[in-house]
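Residues per chain, in single letters:
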Number of protein chains: 2
Amino acid sequence: MQIAILVYDGLTALDAIGPYEVLSHIPNVEIVFVATSSGNKKTDTKFLTLVAEKTLAEVPSPDVIIIPGGTIGTNNAAKDIHVLNWLKEVHQTTQWTTSVCTGALILGAAGILDGIEATTHWYARNALAQFGAKYVNARFVEQGKVLTAAGVSAGIDMALYLVGKIAGEDYAQQVQLILEYDPQPPFDSGSLSKAPAIFSELVCHRLTTYLQHELQAEFDSSIFANYKL
Amino acid sequence: MQIAILVYDGLTALDAIGPYEVLSHIPNVEIVFVATSSGNKKTDTKFLTLVAEKTLAEVPSPDVIIIPGGTIGTNNAAKDIHVLNWLKEVHQTTQWTTSVCTGALILGAAGILDGIEATTHWYARNALAQFGAKYVNARFVEQGKVLTAAGVSAGIDMALYLVGKIAGEDYAQQVQLILEYDPQPPFDSGSLSKAPAIFSELVCHRLTTYLQHELQAEFDSSIFANYKL
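None of these values were measured; they are calculated from a predicted model.

Conventions and cut-offs
Residues numbered from 1 in each chain as written. Chains lettered and ligands numbered in written order. Predicted model: local features only at pLDDT ≥ 70, side-chain atom pairs only at ≥ 80, totals over all residues. Heavy atoms only, no water. Contact = heavy atoms within 4.5 Å. Buried area = accessible area lost by both parts, 1.4 Å probe. Salt bridge = Lys/Arg side-chain N within 4 Å of Asp/Glu carboxyl O. Polar contact = N/O pair within 3.5 Å; in protein donor to acceptor, adjacent residues only side chain to side chain. Helix = DSSP H or I, 4+ residues; strand = E, 2+ residues; numbered from the N terminus. Buried < 20%, exposed > 50% of the residue type's maximum accessible area, 1.4 Å probe, protein only. Axes fitted to C-alpha atoms, helices over the stretch in contact; angles between N-to-C directions. Left-handed = near helix turned anticlockwise from the far one by under 90°. Nonpolar A, V, L, I, M, F, W, Y, C, P; charged D, E, K, R; others polar. Phe/Tyr/Trp six-rings, centres within 6.5 Å; stacked < 30°, edge-to-face > 60°. Least-squares fit on C-alpha atoms with pLDDT ≥ 70 in both. Pairing = 2+ DSSP bridges. Parallel < 35°, antiparallel > 145°, perpendicular 65-115°, else oblique.

Trainee: Explain the interface of chain B and chain A residue by residue, including any values.
Mentor: Residue-level contacts link 66 residues of chain B with 66 residues of chain A. For the pair chain B and chain A, the summed buried surface comes to about 6000 Å²; carbon and sulfur atoms form 62% of the total. Taken together, the connections running from chain B to chain A amount to four salt bridges. With its nearest N and O atoms 2.6 Å apart, the salt bridge here joins Lys194(B) to Asp182(A). Where chain B touches chain A, the interface holds 42 residue pairs in polar contact (both at pLDDT 80 or more).

Rendered as structure tokens:
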């Protein structure tokens, strides 16, 4: 089984690395980090560099694809014709087509979410409609072979579910034990319904200011036009 | 505030990237990935390459250090005299000295856990005693400025706690919301006490076989000599 994980400048690392770590335990799996051009990719914080081992063209028929999001990178990836053409092509034959966080907007831009339910980072939830998708407030959403996960850390839950589908639930529970995935967050503020409203307002303001600064004039014409509460 | 994250060939990516993602939201933080020599580092699965941006010598006084573990890499890192000397040196002036998973064995090898309580991946729990540390079965353990987290995914919980200590609990809850860290694992098998015994036996057998194969003759003389249930 070959799993391709898209990487690009400006991606959010944990969107990709959470699922990678979980899925890497599938027996006899090959995971390949792919990009329009191979080589170094800077994540959104600019502190971390991941390496794309292969170009999209070198991975023409992966069994599973994972499309991560990125606070600033999603915008460019969702307009990259090489990414969109590759997605349309490989989606024909994947066993699972998946996204994490705003990676859903990239799947959306490739037409893959048209007419189905999907999820994404809560901050981007209004942006799904422009691709014909219906936003669902869930940790992850399964529609046939399309799995979309909520923001950042949700990719870990989705990937563990996927291990269960691919290698069986008994095996998935062993992977959970290997990763000691017994989460005990010290706070309980991880979703809009749980966080105090003042915190979500502060986060929205900060994200919007950040995106406007990073994407500058491009922001208004981007797929992030609806990228607001 | 400067946060240094150690990377090395054979590390477990999520040990490092979980805390990185959480801590990257601290205002005005600089995160730097460091290694004995800078450049590309292959993670334990060999599918992923991370880049060490700076050498240890170039980062002589970080405020916070994060030491990840690795199924096969810990063994070498814990014997690397450059790593051990750097740890002894920078630990004098850090605000926080932390580890994730078997990264605790690297802190231990540097003498940092002598006489204190600590945690690590459950599979490695018997290995802490050789460094004078007392194993505690907890998500993470705080002893003064030393924080040690349990296996792999536990680094996310530890890092969120650390954001609370550094930037305040109100701010940490906003970071939790940004990362949509509202975990909903599809199974409940993430710790020894929750997983059926047959699963922990299977996992132990698989990890031991894997480590023996990867580390070969070195295994018996390594710090993993006690690395068993």
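Trainee: A description of the side chain of Arg139(A) should follow, citing residues and the corresponding values.
Mentor: Relative to the elements of secondary structure, Arg139(A) occurs in the loop between strand S9 (134-135) and strand S10 (140-143). In this structure Arg139(A) comes out as buried when scored by relative accessible area, which is 7%. Those residues in contact with Arg139(A), other than ones at most four positions away along the chain, are Thr119(A), Ala149(A), Ala150(A), Ser153(A), Ala154(A), Asp157(A), Glu180(B), Asp182(B), Pro183(B) and Gln184(B).

Trainee: Let's hear about the packing of helix H5 (residues 154-167) of chain A against helix H6 (residues 169-178) of chain A: which residues, and what values?
Mentor: Residue and element names in this part refer to chain A. Viewed as axis vectors pointing N to C, H5 and H6 meet at an angle of 140°, and their least axial separation amounts to 7 Å. As H5 runs across H6, the sense of the crossing is right-handed. In this structure, H5 uses Leu160, Val163, Gly164 and Ala167 to contact H6, whose residues at the interface are Glu169, Tyr171, Ala172, Val175 and Gln176. Residue classes in the contact of H5 with H6 are distributed as six nonpolar, two polar and one charged.

Trainee: Which residues make up the packing of aromatic side chains, and what values go with them?
Mentor: Residues and elements named next belong to chain B. For the coordinates displayed, the defined rule picks out six aromatic pairs over all chains. Ring centres 5.1 Å apart and planes at 40° place the aromatic pair Phe140 and Tyr161 in the tilted group. Remark: Tyr161 occurs in helix H5 (residues 154-167) and Phe140 occurs in strand S10 (residues 140-143); sequence separation between them is 21 residues. Look at Tyr161 and you get buried, because its relative accessible area is 17%.

Trainee: Could you give an account of the relation of the copies chain B and chain A, with specific residues and numbers?
Mentor: Between chain B and chain A, the superposition needs a rotation of 180° and an axial shift of 0.0 Å, giving an RMSD of 0.0 Å. Here the two chains are linked by the operation of a two-fold rotation axis. Considering only C-alpha atoms, the residue of chain B closest to the rotation axis is Leu50(B), which sits at 2.5 Å. Comparing contact sets, 100% of the residues at the interface of chain B also lie at the interface in chain A, consistent with an isologous, same-surface contact.

Trainee: With reference to specific residues and values, describe the side chain of Gln174(A).
Mentor: Mapped onto the elements, Gln174(A) comes out in helix H6. Those residues within four positions of Gln174(A) in sequence are excluded, and the remaining contacts are Phe199(B), Leu202(B), Val203(B) and Arg206(B).

Trainee: For the sheet that holds strand S11 (residues 146-149) of chain A, give the residues involved together with the corresponding values.
Mentor: Residue and element names in this part refer to chain A. Spatially, S5-S2-S1-S6-S7-S11-S10 is the arrangement adopted by the seven strands of the open sheet, whose pairing is mixed. Only two strands of the sheet have a single partner each, and these edge strands are strand S5 (54-55) and S10. In this structure, strand S6 (residues 64-67) lies alongside strand S7 (residues 96-100), joined through four bridges in parallel fashion. Residue Ile67 lies in a different strand from S7, and its bridge partner there is Ser99. Sheet contacts for helix H3 (residues 81-90): strand S1 (2-6), strand S2 (30-35) and S6; angle to S6, the most-contacted strand, approximately 145°. Across the sheet, H5 touches S6, S7, S10 and S11, and the angle it forms with S7 is around 165°.

Trainee: Now, about unusual backbone geometry: what can you tell me, with residues and values included?
Mentor: Even without glycine at this site, Lys46(A) takes up a positive phi of about 70°. Relative accessible area serves as the criterion here: at 46%, Lys46(A) is assigned to the partly exposed category.

Trainee: I'd like a description of the sheet that holds strand S5 (residues 54-55) of chain B, backed by residues and values.
Mentor: Adjacent strands of a sheet form backbone hydrogen bonds with each other and so pair up, either parallel or antiparallel. Residues and elements named next belong to chain B. Strand order across the open sheet formed by seven strands is S5-S2-S1-S6-S7-S11-S10, with mixed pairing between neighbours. For this open sheet the edge positions go to S5 and S10, each flanked by a neighbour on one side alone. Note that S10 and strand S11 (residues 146-149) share four bridges and pair antiparallel. Bridging from a neighbouring strand, Phe140 pairs with Ala149 of S11. Each of strand S1 (2-6), strand S2 (30-35) and strand S6 (64-67) touches helix H3 (residues 81-90); the most contacted strand, S6, lies at about 145° to it.

Trainee: Quick rundown of the packing of H6(A) against helix H7 (residues 197-215) of chain B? Include the residues and the values.
Mentor: Put simply, H6(A) and H7(B) touch, their axes get as near as 9 Å, and they point 65° apart. Here H7(B) runs roughly perpendicular to H6(A), going by the angle between their axes. Of the two possible hands of crossing, H6(A) and H7(B) adopt the one that is right-handed. On H7(B), the residues touching Asp170(A), Tyr171(A), Gln173(A), Gln174(A), Leu177(A) and Ile178(A) of H6(A) are Phe199(B), Ser200(B), Leu202(B), Val203(B) and Arg206(B). Here the contact of H6(A) with H7(B) is built from residues that sort into six nonpolar, three polar and two charged.

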